[in-house]
Amino acid sequence: MKRTYLAAAGAVALGTSGAAVLPQQFAKAAAPFDSTPVDAERTIALAQPLSGDRWNLVVLEQLEPAPPCWRRFEDGSVTTYEKNLPAGSCGLYSSSSAYSLRIAGNDLSHPWRLRVESRGPRLELLATSPEQATPLLVGSAEATGNGLVELQLAEGWSFGRRSFEGRSLNHLYVTNAEPLPVLLARAHAGGGELLGLATPPPPPSPIESATRLVASPSQNTRSQPASSRLARLESLRLGGSRGRSWEQPSAESEASGVVALQVVPYRP
């Protein structure tokens, strides 16, 4: 360890060549583990019932071609045989020390965790964190009885094996290739809103505004009944109306924009 530190310090003293060495070492230290894909046909995610309507995530892996480690039934329940098989036939992962989350090539450790929750007849495998209000849906199933239930992973999720410097370790990842912000945004959208923002409608173009003004009559004209307009036209035709002086237009005429003109009858 001392030699490595001295070598790094010497590289910095060399100038630009050393500046390219240190970031690589730090990046390797920040992400020491790799992940290799696991055949989906050789793994199964199970919801294990506990007391008090609680559930636990258990993952089984078929390490040898035979005998089988589990058996599926039509109702969704599963029976496992790992306890009755020779050692090395099945891999059993039943706690957070045996499996964890890996998102976009990065390990998600504490406070992120995988948990199974019961929501009515539905079981959901969730990735949760106290720092996030909305969990990530990883898998789901319909609860059947009080036995083991197979969980179907959601789209984009799969299993991977942790490795270190090319060596496989006895630890499984529940992985997703998409970045965490993208998954969180999708989770919020699935809850009915995305960031709580609504997109306003675009404003009308100048051509649309002019078209609406031409096509629509004035508000005052629309508000006047047809009988009132006809009566006023008739009074204009006859040259006046009873009890009204045409030198003083009425308030109704001023409001409607119609100016009454005095009509002088033709006298030959």
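Residues numbered from 1 in each chain as written. Predicted model: local features only at pLDDT ≥ 70, side-chain atom pairs only at ≥ 80, totals over all residues. Heavy atoms only, no water.

**Description of the overall build of the protein**
- Counting its regular elements, the protein contains eight helices and 14 strands.
- Taking the contacts inside the protein whose residues are at least 6 apart along the sequence as the reference set, 49% of them involve residues at least 24 apart.
- Looking at the protein as shown, the accessible area adds up to about 18200 Å², and 57% of this sits on carbon and sulfur atoms. (Helix = DSSP H or I, 4+ residues; strand = E, 2+ residues; numbered from the N terminus. Contact = heavy atoms within 4.5 Å. Areas by Shrake-Rupley, 256 points an atom, 1.4 Å probe, with all protein chains shown as cover.)

**Points about the nonpolar core**
- Core analysis: the biggest nonpolar cluster contains 30 residues, and Leu57, Leu101, Leu114, Val116, Leu136, Leu151 and Trp157 have the highest contact counts within it.
- Setting aside residues up to four positions removed in sequence, tryptophan 157 forms contacts with Leu101, Ile103, Leu136, Leu137, Val138, Val174, Thr175, Asn176 and Leu183.
- Ranked by size, the runner-up nonpolar core spans nine residues in total, among them Ile44, Cys69, Trp70 and Leu85. (Core = buried A, V, L, I, M, F, W, Y, C linked by side-chain atoms within 4.5 Å. Buried < 20%, exposed > 50% of the residue type's maximum accessible area, 1.4 Å probe, protein only.)

**Structural notes on helix 4 (residues 180-190)**
- Every buried residue belonging to helix 4 is among Leu183, Leu184 and Ala187, and all of these are buried. Buried residues of helix 4, viewed axially, fall in a sector of 100°; they line one side.
- Looking at the buried residues of helix 4, the elements they touch are strand 7 (99-103), strand 11 (136-142), strand 13 (157-164) and strand 14 (167-176). (Arc of directions from axis to C-beta.)

**Here we look at the state of the cysteines**
- Taken as a whole and judged by the stated rule, the model has one disulfide.
- Disulfide partner of cysteine 69: cysteine 90, at an S-S distance of 1.9 Å. The chirality of the disulfide connecting cysteine 69 with cysteine 90 is left-handed, given an S-S dihedral of about -100°. With cysteine 69 in the loop between strand 3 (54-62) and strand 4 (70-72) and cysteine 90 in strand 6 (residues 90-93), the pair connects residues that are 21 residues apart, well separated along the chain.
- Its relative accessible area of 0% is what places cysteine 69 among the buried residues. (Disulfide = S-S within 2.5 Å.)

**What about the pattern of salt bridges?**
- Under the counting rule described, the total for this entry stands at nine salt bridges.
- Between glutamate 117 and arginine 115 there is a salt bridge, and its shortest N-O distance comes to 3.3 Å.
- The partly exposed category is assigned to glutamate 117, whose relative accessible area is 22%.
- With a closest N to O distance of 3.3 Å, arginine 119 and glutamate 124 form a salt bridge.
- Bridged by salt links that share partners, the residues Arg115, Glu117, Arg119, Arg122 and Glu124 form one connected network. (Salt bridge = Lys/Arg side-chain N within 4 Å of Asp/Glu carboxyl O.)

**Details of the confidence of the model for the protein**
- Per-residue confidence for the protein gives a mean pLDDT of 75; residues scoring 70 or more make up 59%.
- Contacts of residues 1-29 to residues separated by more than four positions or lying in other chains number six contacts, the stretch itself having pLDDT below 50.
- Across residues 191-201, where pLDDT falls below 50, the model places three contacts with residues more than four positions away in sequence or in other chains. (pLDDT = per-residue confidence, 0-100.)

**With respect to the environment of serine 140**
- By the element assignment, serine 140 lies in strand 11.
- Taking C-alpha positions, serine 140 is 5.5 Å from glutamine 152, a pair spaced twelve residues apart along the chain.
- Residues within four places of serine 140 in sequence aside, it is in contact with Arg122, Leu123, Glu124, Glu150, Leu151 and Gln152.
- Of the polar contacts made by the side chain of serine 140, one reaches the side chain of arginine 122; its length is 3.3 Å. (Polar contact = N/O pair within 3.5 Å; in protein donor to acceptor, adjacent residues only side chain to side chain.)

**Here's the deal with the environment of serine 96**
- Among the secondary structure elements, serine 96 is positioned in the loop between strand 6 and strand 7.
- Residue class for serine 96 comes out exposed when judged on its relative accessible area of 61%.
- Serine 96 sits 76 residues away from leucine 172 along the chain, and the two C-alpha atoms are 9.9 Å apart.

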